[in-house]
Amino acid sequence: MTRSHGRDAPETLEARGSLAWWTGAAGDVARARDLAAAWAADAARVCGPDDPEVLGARGEHAHWTGEAGDPAAARDLLAAVVTEHTRLVKERATPADVFEPLRGPSLYWRIRHAYWTGMAGDPAAARDLYAELLPDVARVHGPRHGNTVDAYIEAARWVGEAGDPATARDLYAKLIDDLTRWRDPVARDLAEHHAWWAIRSSSG
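A. Looking closely at the overall build of the protein. Regarding its fold elements, the protein presents eleven helices and zero strands. Starting at the N terminus and walking to the C terminus, you meet the elements of the protein as α-α-α-α-α-α-α-α-α-α-α. Overall size of the protein, expressed as C-alpha extent along the three principal axes, is 60 × 40 × 30 Å. Buried residues in the protein amount to 37% of all 204 residues. Summarising the internal contacts of the protein: among those between residues at least 6 apart in sequence, 51% fall at separations of at least 24. Counting only carbon and sulfur atoms, one obtains 54% of the accessible surface of the protein, whose full area is about 10,900 Å². With 24 positive and 31 negative side-chain charges, the protein shows a separation of 1 Å between the mean positions of the two kinds.

B. Quick peek at the packing of aromatic side chains. If you walk through the whole model with that rule in mind, you get four aromatic pairs. Ring geometry for W196 against W197: centres 6.3 Å apart, planes inclined by 70°, an arrangement best described as edge-to-face. Classification of W196 by relative accessible area gives partly exposed; the value is 44%.

C. Spotlight on the nonpolar core. The biggest cluster of nonpolar side chains holds 21 residues, and the ones touching the most others in it are I111, Y130 and L133. When contributions to this core are tallied by element, the ones reaching two or more residues are α4 (52-67), α5 (71-91), α6 (96-119), α7 (123-141) and α8 (146-161). Considering each element in turn, this core owes the most residues, six residues, to α6. Apart from the residues within four sequence positions on either side, L133 is in contact with R110, I111, A114 and A151.

D. View of the pattern of salt bridges. One pass over the structure, following the stated rule, counts 15 salt bridges. When the shortest N-O distance is used, the salt bridge between R33 and D34 registers 3.0 Å. Since its relative accessible area comes to 26%, R33 is described here as partly exposed. Salt-bridge contacts for R87 lead to E84; the nearest nitrogen and oxygen are separated by 2.6 Å. Here E84 and R87 lie together in helix α5, a separation of three residues that amounts to about one turn. For R87, a relative accessible area of 28% corresponds to the partly exposed category. Given the relative accessible area of 21%, E84 is considered partly exposed. Each of the salt bridges in this network shares a partner with another, and the network as a whole consists of R7, D8, R16, D42 and R45.

E. Focus on the side chain of D178. Following the sequence through the fold, D178 ends up in helix α9 (residues 165-181). Since its relative accessible area comes to 13%, D178 is described here as buried. For D178, the side chain forms a polar contact with the side chain of K174, separated by 2.8 Å.

So, how was this worked out
Residues numbered from 1 in each chain as written. Predicted model: local features only at pLDDT ≥ 70, side-chain atom pairs only at ≥ 80, totals over all residues. Heavy atoms only, no water. Helix = DSSP H or I, 4+ residues; strand = E, 2+ residues; numbered from the N terminus. Buried < 20%, exposed > 50% of the residue type's maximum accessible area, 1.4 Å probe, protein only. Contact = heavy atoms within 4.5 Å. Areas by Shrake-Rupley, 256 points an atom, 1.4 Å probe, with all protein chains shown as cover. Lys, Arg positive; Asp, Glu negative; His and termini not counted. Charge placed at Lys NZ, Arg CZ, Asp CG, Glu CD. Phe/Tyr/Trp six-rings, centres within 6.5 Å; stacked < 30°, edge-to-face > 60°. Core = buried A, V, L, I, M, F, W, Y, C linked by side-chain atoms within 4.5 Å. Salt bridge = Lys/Arg side-chain N within 4 Å of Asp/Glu carboxyl O. Polar contact = N/O pair within 3.5 Å; in protein donor to acceptor, adjacent residues only side chain to side chain.

Below, the structure written as structure tokens:
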């Protein structure tokens with residue numbers, strides 16, 4: 001693709017992003033981090049720093065940075081991505097056809113920022129970030145969307161990690177009830193989480 005289209009062509013940049021992702025998925029997270037960093041830098045040079053695809057590339061670099069063993073750096077990189085997304089959403093709130101494509105990615109990177117905040121050792125801040133974003137996720141995606149369900153699962157986890165295992169237990173119980181009612185197979189996967197926090201809450 002570099003030979004046919006050029007290194008800076010949109011098709012080539014997109015392929016480089018896919019290569020970074022699948023490299024990480026295949027287990028080489030450090031290489032994925034480095035590929036994503038180079039991809040994000042070139043995308044910013046070609047498309048400009050405000051391009052949503054560039055912010056996505058920066059978010060992927062942050063993700064693989066965390067997976068490669070530096071959750072604090074991932075948290076900080078994602079905080080910058082979230083700040084830029086928030087600014088773009090406000091600036092492009094009208095017309096709706098410009099605003100709408102930014103909603104989902106903006107929420108996604110807020111979710112990832114909350115996750116890496118917790119993984120960086122601040123469960124209380126992660127808990128608060130999830131509490132702030134959950135209403136937005138449910139409103140934009142709906143209560144049954146995979147991103148919404150994943151956000152509620154992580155939110156319950158960080159409530160427990162922040163020192164309230166009884167509430168985490170109850171949140172998982174409610175999630176299991178809701179997902180079972182919706183016939184969502186994810187409900188089965190949460191039984192172990194619920195049991196874990198039930199034990200933690202009963203042991204004091």
